[in-house]
Amino acid sequence: MANRRCLHALTRHASALFSTNTNPSLPSLPLSLPLPLSKTQPLKPFLAAHIFTTPEPTQHWSNTRHFSSKREDDDEAEDDDDDEDDGDEDDDDYDDDEVGGVSEEEGELKLVKREYTPEEKEAEAAEIGYKVVGPLEPSDRVFKRYDPVFAVVQIGSHQFKVSNGDSIFTERLKFCEVNDKLILNKVLLLGSSSQTIIGRPILPDAAVHAVVEEHALDAKVIIFKKKRRKNYRRTKGHRQELTKLRITDIQGIEKPEKPYTGKPSKAAGKKPEKVTGKKPEKVAVAA
């Protein structure tokens, strides 16, 4: 009877042990073992036959570990995080492809600039508000005398009031180099001493001619961020890329001509002579 109780306890412990953690050195114990029929049947050979038998070499045991957080779950979570990171990197690569792109050749990353067709260049420049005519030739006489005419032009998201001979700084213009001639076609208003023309919103027949003088950088701007009591401080600097334009001509409005008055005559320039005369004498009257 004691052997039977011991066998039942051993069976329960073995079933609980092998159901939660499998040991590769021991085979799996069946939940229901055949009990000895009589007390005369020895227990040790019975246990040796059912428990302490060596496993066959063809069997594969899975060594699983159970902790508060499973290793498999952690690995799956790490794989998911890696997938999300890969997805973010793919998105970044997609954005880079829009701007320029990144190509992997022989294990090295190389930046590849995006190539624009002439039609794409012209369409993008027209959307900003200018058109590239071509390089400035030595024989071109683009700089003219000053005219009392002004115009309001739009380049990108900025508006400028310009006259002939003025220089302006805009954000960096693409597809143009130094000494290139430009036509600013988004003219909002034209004005002179005799008339004013307002566009709705732009004037289709008006144009402002300009020349690219240089590409430069603006003064540095400091960006400082701080979160108090968080030990967080970040300092960055930024220099905006600019393009300097020289206005050469304004077309689309009648330019007033300066009236020619001629040289003034010498006779008109003489000062009038002063009339000198004797003072009237005082006459004494007798009382």
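One can find the structure itself at the top, above this paragraph.
In this report, the structure presented in the accompanying data block is examined. It should be emphasised that the depicted structure is a prediction, and the values quoted were computed from it without experimental measurement. (Residues numbered from 1 in each chain as written. Predicted model: local features only at pLDDT ≥ 70, side-chain atom pairs only at ≥ 80, totals over all residues. Heavy atoms only, no water.)

**Details of the environment of P118**
Here is step 1: Mapped onto the elements, P118 comes out in helix α4 (residues 118-128).
Here is step 2: Once the C-alpha coordinates of P118 and F175 are considered, the two residues, 57 residues apart in sequence, prove to be 9.9 Å apart. (Helix = DSSP H or I, 4+ residues; strand = E, 2+ residues; numbered from the N terminus.)

**So, the sheet that holds strand β8 (residues 187-192)**
The strands making up a sheet are joined through hydrogen bonds of the backbone, oriented either antiparallel or parallel.
Here is step 1: In spatial order, the strands read β5-β4-β8-β9; together these 4 strands make up an open sheet with antiparallel pairing. With partners counted over all chains shown, the strands left at the sheet margins are β5 (158-163) and β9 (196-198), one partner each. Direction aside, the axes of adjacent strands within the sheet are offset by 15 degrees on average.
Here is step 2: By the bridge criterion, 6 bridges tie strand β4 (residues 149-155) to β5 in an arrangement that is antiparallel. Of the residues in β5, the one forming a bridge with I155 is H158. (Pairing = 2+ DSSP bridges. Axes fitted to C-alpha atoms, helices over the stretch in contact; angles between N-to-C directions.)

**Some details on the nonpolar core**
As a rule of thumb, nonpolar side chains are buried together in soluble globular proteins.
Here is step 1: Counting 24 residues, the largest nonpolar core has V162, V187, L190, V208 and L245 as its most contacted members.
Here is step 2: Ranked by the residues each element gives to this core, the list is headed by β4, at 4 residues.
Here is step 3: When sequence neighbours within four positions are dropped, the list of residues in contact with V208 reads A151, V153, V162, L182, I183, L184, V187, I247, D249 and I250. (Core = buried A, V, L, I, M, F, W, Y, C linked by side-chain atoms within 4.5 Å. Buried < 20%, exposed > 50% of the residue type's maximum accessible area, 1.4 Å probe, protein only. Contact = heavy atoms within 4.5 Å.)

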